[in-house]
Amino acid sequence: MTGILEAFYTQTYMTIELLINSCVFFSLLSKRRWFWPRLILGAAGCLLLRFVMPRLGSFTLLLTVLSVVAFVYLCCAVSIQDAVYCVVCAYATQHLYFSAREVMMYLQGLPLQDTPPRLALSYLLLYAAILAAVYFFCARKLADGKHYNIDTKHSVVSLVLVLTVVVVLSLASQRFNVEEGIKLYVLCRCYAMFCCVFLLNSEVSAVKRTRLAKELNIQQMLLAQQEEQYKLTKENVELINRKCHDLKKQMSVLWGALPPDQREKELAQIENSIQIYDSTFRTGNEVLDIVLTRKSLDCEAHNIVMTCVADGKHLNFMEAADLFAVFGNALDNAIEAVMDLPEAEKRVIAVSVWERSGLVLMQFENYCAKPPVMRGDLPVTTKKDKDYHGFGMKSIRYAVQKYGGQMTVHVENSMFVLRISLPAAET
C-alpha cells in the first residue's frame with residue numbers, strides 16, 4: 001500500500017502543486033454552483049489522469065496544464081480565458097517554488113532535482129511562505145469583481161510566455177546539472193526565480209494599467225454625459241423659470257377677476273403648485289444655481305428636504321462640467337441614500353459652501369443608516385453591476401484633484417459626510 005502511495009505521489013506531485021496554486025489564484029473568483037463537489041471531483045480527475053498518463057516529455061506538461069485549466073473552469077464561473085490565465089499564474093508560482101527548493105537543497109548540501117521532493121518541514125514552510133507572498137502581492141490584486149476580465153490575446157500570450165520561459169530555463173539548467181557545473185545550475189535556478197517573480201509582477205502591473213484605462217474611458221464618457229446633462233438642465237430650468245414668471249403675471253390679472261370667496265383659495269393652490277419650480281437659489285454662481293435647482297426638484301419628488309448655505313461666487317474658477325460633476329454626483333448619492341428612509345425627519349440633505357483661509361470648502365451631509373464599505377478612501381458602490389456603477393465618487397475625486405484639492409469621506413453620528421477643499425482662486 002505504501003509503495004502505491006509513493007508511486008502515486010511520484011507521478012502526480014507537480015499536478016498537486018498546480019492544483020493548490022490554482023486554488024490560491026481562484027480563491028477570489030466567482031464560484032459555480034456545487035463548488036465543493038466540483039472541486040473534489042475535478043481534482044481527483046486531474047490526479048487520476050496524470051497518474052495513468054504515460055511520459056511524453058513536454059507534451060505531458062501541456063496535457064497537465066490543460067487538465068488543470070479544465071479543473072478551474074469546472075469550479076469557477078469564469079470564461080475559458082480567465083481559467084487559462086489562472087493556471088498560467090499558478091504554473092509560474094509552481095516553477096518559482098521548484099527553483100527556490102532547488103536552491104535550498106543546494107545550500108543544504110543535498111543532491112539536486114530530487115524527484116519527487118521530500119515532504120520535509122523546511123520545504124513545506126518554504127512552499128507556504130511562497131504561496132502567502134504570491135497571494136498577498138499578486139493573486140488578490142488580479143481579480144476584478146470576481147473575474148480577471150482578461151481577453152483571449154492576453155491569456156494566450158501569457159501562457160506561451162510562461163511555458164517558454166519555464167521550459168527553456170529548465171532545459172538550459174539541466175545541461176549544467178553535473179558536478180563540475182553545479183554552480184551554473186544553481187545560477188540558472190536563481191535566474192528562473194527572478195523570471196517567475198518578474199512575470200507575476202508584470203501581470204499585476206498589466207492588470208492595473210487595464211483597470212486604469214477602463215476607468216479613464218468611463219470617466220471621459222461620464223464627463224461627456226455630464227456636459228450634455230448640464231446643457232439640458234440649464235435649458236429646462238430657464239424654460240421653467242420663464243413659465244413661472246408668466247404664470248405669476250397671469251395670477252395678478254386673475255386676482256381681480258375671481259369672486260372674493262374663491263379668489264384666495266384657488267390662487268393659493270395655483271401658487272403652491274408652481275412654487276417648487278421657481279428657482280430660489282441665488283448663490284452667485286449660475287452653474288451652481290442650475291444644479292441645485294435641478295436637484296431640489298428631485299428632492300421634492302421624493303419628499304426630501306434639502307438645505308443649502310452656499311456662497312457660489314467662490315466657485316467661479318471651476319469649469320461648468322467639473323462643478324456639475326461634483327455637485328450632481330454628490331447630491332445624487334445623497335438622494336439615493338435617504339429617499340427610501342421611513343422616517344421623514346431623516347430624509348434631509350445639507351449642502352454648504354464657504355471660503356476660509358485661502359480654501360474653498362464644500363460639505364455634503366445626509367443620514368446614513370449603516371456605514372458604507374470602504375475601499376481605500378472611497379465607499380464601495382452597493383449596485384450589483386459594479387462595472388458601470390461606483391464612478392460617481394471617482395468623478396468627484398477626479399474633478400477635485402484637477403484643481404489641486406482634497407476630498408474626505410467619513411461617517412459621524414450616523415451622518416455621511418463628504419468634505420471637499422480646493423485652493424481658492426487668486427483675485
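Please refer to the structure higher up on the page.
Remember, predicted model here, so these are calculated numbers, not experimental data.

*Asks:* Any details on the packing of helix α9 (residues 286–301) against helix α10 (residues 320–338)? Residues and values, ideally.
*Replies:* Between α9 and α10, the least distance of the axes is 10 Å, while the angle of their chain directions is 20 degrees. With respect to α10, the element α9 is oriented roughly parallel. Regarding α9 and α10, the two cross each other, and that crossing is right-handed. In contact with V287, L288, V291, L292, K295, D298 and C299 of α9, α10 contributes A320, L323, F324, F327, G328, L331, D332 and I335.

*Asks:* Pulling in residues and values, what's your account of the nonpolar core?
*Replies:* Grouped together as the largest cluster of nonpolar side chains are 49 residues, with contacts concentrated most on F25, F26, F71, V72 and L142. Of all elements in the fold, only α1 (2–25), α2 (35–52), α3 (58–75), α4 (80–107), α5 (121–142) and α7 (182–254) reach the threshold of two or more residues within this core. It is α4 that provides the largest number of residues to this core, a total of 14 residues. If you look at the next biggest cluster of nonpolar residues, it comprises 40 residues, including L323, I335, V338 and M407.

*Asks:* Lay out empty space enclosed by the protein in plain terms, naming residues and giving numbers.
*Replies:* Applying the stated criterion across every chain, the model contains two cavities of 30 Å³ or more. Space inside the largest cavity adds up to approximately 50 Å³. Every residue lining the largest cavity is listed: A330, N333, A334, I349, F364, E365, N366, M393, F416 and L418. Counting residues per element, the ones that place at least two in the lining of the largest cavity are α10, β3 (359–367) and β7 (415–423). Broken down by class, the residue content of the lining of the largest cavity amounts to seven nonpolar, two polar and one charged.

About the criteria used
- Residues numbered from 1 in each chain as written.
- Predicted model: local features only at pLDDT ≥ 70, side-chain atom pairs only at ≥ 80, totals over all residues.
- Heavy atoms only, no water.
- Axes fitted to C-alpha atoms, helices over the stretch in contact; angles between N-to-C directions.
- Helix = DSSP H or I, 4+ residues; strand = E, 2+ residues; numbered from the N terminus.
- Parallel < 35°, antiparallel > 145°, perpendicular 65-115°, else oblique.
- Left-handed = near helix turned anticlockwise from the far one by under 90°.
- Contact = heavy atoms within 4.5 Å.
- Core = buried A, V, L, I, M, F, W, Y, C linked by side-chain atoms within 4.5 Å.
- Buried < 20%, exposed > 50% of the residue type's maximum accessible area, 1.4 Å probe, protein only.
- 1 Å grid on protein atoms, 1.4 Å probe; cavity = no way out; pocket = protein on both sides within 12 Å on 5 of 7 lines; lining within 4 Å.
- Points joined across faces, edges and corners; volume = space filled by probe spheres on them.
- Nonpolar A, V, L, I, M, F, W, Y, C, P; charged D, E, K, R; others polar.

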